[in-house]
Amino acid sequence: MSEKTSVSTILKSGIIAGTLDAIAGVIVYYIWFGFNPFQVLQYIASGVHGPTAINGSIAMIIAGMGYHYFIAFVVAAIYFFAYPKFSVLRDHKVIVGLLFGLGIWLVMNLLVLPNSNIPKGSFDTGLAIVGILWHMTLVGLPIALITSKHYNSKI
């Protein structure tokens with residue numbers, strides 16, 4: 001397997017999953033909170049830069065986008081490098097992809113976000129359910145399918 005195709009697969013799955021995640025986030029955060037797309041990106045940036053990022057400049061919008069895609073590439077790389085090591089990823093790619101998306105949501109919402117500078121809010125069951133479903137179908141599943149396609153083309 002060439003390093004070039006490995007990197008391009010990780011980039012492809014990260015870009016696709018990150019973009020689908022961003023679109024879902026923009027739609028859901030508009031419905032729930034009335035945020036526009038720039039405010040969603042500033043909200044993401046607030047995880048590093050604190051609450052002032054929410055009313056920040058274009059730099060905070062760019063930072064939010066950068067952090068968002070960085071996370072997407074990291075989770076894509078994790079799945080990519082785990083794929084050849086665990087047969088369950090090959091044998092049950094759809095189920096495992098959905099569970100991977102659930103795992104991403106759990107890690108982000110139970111570990112990353114509570115330990116970030118994102119302004120704390122009350123728990124919203126409806127928002128959690130929607131977030132879980134979109135991470136399963138629009139993040140975990142595309143990463144699993146793109147990674148599987150890459151490795152299956154090498155057989």
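Everything numeric here is computed off the predicted structure, so don't read it as measured data.

Calculation rules
Residues numbered from 1 in each chain as written. Predicted model: local features only at pLDDT ≥ 70, side-chain atom pairs only at ≥ 80, totals over all residues. Heavy atoms only, no water. UniProt positions renumbered as here; feature names shortened; annotations may be inferred. Helix = DSSP H or I, 4+ residues; strand = E, 2+ residues; numbered from the N terminus. Core = buried A, V, L, I, M, F, W, Y, C linked by side-chain atoms within 4.5 Å. Buried < 20%, exposed > 50% of the residue type's maximum accessible area, 1.4 Å probe, protein only. Contact = heavy atoms within 4.5 Å.

Draft legend 1. View of the UniProt feature "transmembrane region" (unreviewed entry) in the protein. On the UniProt side, "transmembrane region" (unreviewed entry) is annotated at positions that read residues 12-33, 53-82, 94-113 and 125-146 here. Taken end to end, residues 94-113 comprises 95% helix and 0% strand; its first and last C-alpha atoms sit 27 Å apart.

Draft legend 2. Examining the nonpolar core more closely. With 18 residues, the main nonpolar core has Tyr-79, Leu-89, Phe-100, Ile-104 and Ile-143 as its most contacted residues. Put simply, the parts of the chain that give this core at least two residues each are helix H1 (3-33), helix H3 (58-82), helix H5 (93-112) and helix H6 (125-152). With 6 residues, the single largest contributor to this core is H3. Once residues lying within four places of it in the same chain are set aside, the contact partners of Ile-143 are Ser-13, Ala-17, Val-75, Ala-76, Tyr-79 and Phe-100. Within the second largest apolar cluster, 6 residues are counted, among which are Ala-24, Val-28, Tyr-29 and Trp-134.

Draft legend 3. Up close: the side chain of Gln-42. For Gln-42, the location among the structural elements is in helix H2 (residues 37-49). Setting aside its immediate chain neighbours within four residues, Gln-42 contacts Ala-53, Ile-54, Asn-55, Gly-56, Ser-57, Met-60 and Ile-61.

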